[in-house]
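What the coordinates show
Below, each chain spelled out in residue letters.
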Amino acid sequence: MNKNVIESICCIGAGYVGGPTMAVIADRCPDIKVTVVDINEKRIAAWNEDDLDKLPIYEPGLDAVIKRARGRNLFFTTSINETIASSDMVFISVNTPTKTKGLGAGEASDIRWVEASARQVAKYAKGHTIVVEKSTLPVRTAAAIRSILETPQNRNEENTSKATFSVLSNPEFLSEGTAINDLESPDRVLIGGEDLEALDSLEAIYLQWVDKDKIIRTNLWSSELSKLTANAFLAQRISSINSVSAICEATGADVREVSKAIGSDSRIGQKFLNAGPGFGGSCFQKDILNLVYLCRHFGLLNVAEYWQQVVELNTWQQHRIYRLVLQNLFGTVTGKKLAILGFAFKADTNDTRESPAIRISKDLLEEGAFLMIHDPKVSSEKIYEDLGVSKLETNNEQLFISKNVFEAVNEADAVIILTEWNEYSKLDWALIAKKMRAPGWVFDTRSVVDPEQIKLAGLNFWRVGDGVLG
Ligand code: UDX
Ligand code: ADP
């Protein structure tokens, strides 16, 4: 085989990153056989569902891509070893959550699944295999992967002398909810590594649909660090604007006006300046904490502290929202019915990882509130799981989940909007006001509703960063 031409790809991990990324690669490169493998049988079965509404993740446009490529050159299977053996390139796209115990607990990423995947590749790969890190990883993970691959004891007997490897870093910058668009028209594709032939092979795949000037080559460590830094910068903007939202509320300024005014400076730019209930998602917090851990490891304590503050401000903002609800409802929510609109960490995804809704809901439950939660895409099971409440316990009525907004707001003392789902900007507030218990409150943490409509409906209103109304 020509070492530069990739004919078959294996992706280990059929999650939010691996699934959509491979679907788009398969769609754009019909000559490459792309097989996504996972240990989770249920997840693989869901990727193979005929009914595309039952795919394991919700992502606009994903169903159309799957429909075109699946069964043609895109496959989902649990046959991991066989797929590794028959692939020229293996992407590692498994989960890397923050460690919960041991050294670096609460900060460092747990890379045990990456390591397990590398061991499997070492054992089953045949011929020359390019291993690509896709998961977000701590800096220098590539060195660990390389060392596992190059240790003869990790190989199969028949493989020991024949298999060779190259390791590349190719971090994913896709954002959930716009993943397909981000993959089809990326701002840039970052490829890190030293082996020129391997770099050319990976670049050739992206060149099928991405302009060459958007492909950036760096060394391995720059590539790994760029991913952490990109997310840290984005998260920092959100913590910055959220800190400003509190100043706005105290001074009579309006954070939306401030965002617009500062974002018009081309050096600052308009994006990622929406104040809200705090950032969520699987990456921001995890990546910053990784950065903090890395800084501490190298004795850069001031730098570690600097980035740590971005996370702390985020946690503070989430608790702040809860305290504001409490204050406005005469200092108590015990026994009151609160409708939570939105549980996903942002709109257009069913993902709830690190969603601000989790912390805010837990705070309110702890205060004795009755929560009625609505989210158009998150399942009831996921909400129960995230709040650590078993379904049986919920018979005590502290938690009610509905797929109907009007059912969720019935007899509510307050409506708290936590996710910017488009449908929440079109609600009939006059009708909702009639269903609520007076004096009803609306807390809009995402600036999605029209304040005039709320006022006309006779409801009290609080909005993030709004020092004028309220
Ligand atoms: C992020 C990065 O954008 C992506 O490049 C990286 O690969 C993975 O992490 P994602 O977590 O999917 O993607 O979502 P993103 O759109 O970045 O939003 C993260 C969080 O910030 C959400 O909770 C969102 O609601 C919040 N956010 C975003 C704000 O509060 N205000 C904003 O202006 C933008
Ligand atoms: P991400 O957002 O990074 O894609 P997910 O948790 O959505 O993270 O997906 C990671 C996937 O990786 C999960 O479906 C999990 O079952 C899978 N996975 C983890 N370890 C392994 C492994 N050793 N082999 C195969 N799949 C794995």
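Our structure's up above, just so we're on the same page.
Okay, so let's go over this structure. (Residues numbered from 1 in each chain as written. Chains lettered and ligands numbered in written order. Predicted model: local features only at pLDDT ≥ 70, side-chain atom pairs only at ≥ 80, totals over all residues. Heavy atoms only, no water.)

**Quick notes on the pattern of salt bridges**
Oppositely charged side chains are able to pair whenever their charged atoms sit close together. We count it as follows: Any Lys or Arg side-chain nitrogen found within 4 Å of a carboxyl oxygen on Asp or Glu counts as a salt bridge. Only DSSP runs of H or I reaching four residues or more are called helices, and only runs of E reaching two or more are called strands; each is numbered from the N terminus. Any residue under 20% of the maximum accessible area for its type is buried, any over 50% is exposed, and the rest in between are partly exposed; the area is computed with a 1.4 Å probe on protein chains only.
What the rule picks out here adds up to 23 salt bridges. Across the pair R68 and D27 runs a salt bridge whose closest N-O atoms are separated by 2.8 Å. Placement of R68 in helix α3 (residues 62–69) and of D27 in helix α1 (residues 18–28) is noted, with a sequence separation of 41 residues between them. Assessed through its relative accessible area of 45%, R68 is described here as partly exposed. Judged by its relative accessible area of 12%, D27 falls in the buried class. Here D265 and R267 are joined by a salt bridge, their closest N and O atoms 2.8 Å apart.

**Section: the side chain of D110**
This is how it is decided: Polar contact is the term for a pair of N or O atoms within 3.5 Å; when the atoms are in protein, one must be able to donate a hydrogen and the other to accept it, and sequence-neighboring residues count only if both atoms are side-chain atoms.
Examined against the element boundaries, D110 turns out to sit in the loop between β4 (89–92) and α5 (112–124). Engagement of the side chain of D110 in a polar contact is seen with the side chain of R112, the distance being 2.9 Å.

**A short note on the packing of aromatic side chains**
The condition that has to hold: When the centres of two rings from Phe, Tyr and Trp lie within 6.5 Å, Trp using its six-membered ring, the rings pair. Their planes under 30 degrees apart give stacked, over 60 give edge-to-face, and anything left gives tilted. Ring-over charges, as used throughout, are those where CZ of Arg or NZ of Lys falls within 6 Å of the ring centre and within 35 degrees of the ring normal.
Enumeration over the complete set of coordinates arrives at eight aromatic pairs. With a centroid separation of 4.9 Å and an interplanar angle of 0°, the aromatic rings of W47 and F76 are classed as stacked. Of this pair, W47 sits in helix α2 (residues 41–47) while F76 sits in strand β3 (residues 74–77); the two residues are 29 residues apart in sequence, bridging distant segments of the chain. With relative accessibility at 0%, the residue W47 sits in the buried group. For the pair F233 and W307, a centre-to-centre distance of 5.9 Å together with 40° between the ring planes defines the contact as tilted. Pair noted here: F233 is in helix α9 (residues 220–251) and W307 is in helix α12 (residues 301–328), with a separation of 74 residues, a long-range link. You can call F233 partly exposed: its relative accessible area is 47%. Feature note: the residues F233, Y306 and W307 constitute an aromatic cluster, connected by ring pairs. Across from the ring centre of W221, 4.0 Å away, lies the NZ or CZ of R140, which sits over that ring. Taking the ring centre of F173 as reference, the NZ or CZ of R188 above it sits at 3.5 Å.

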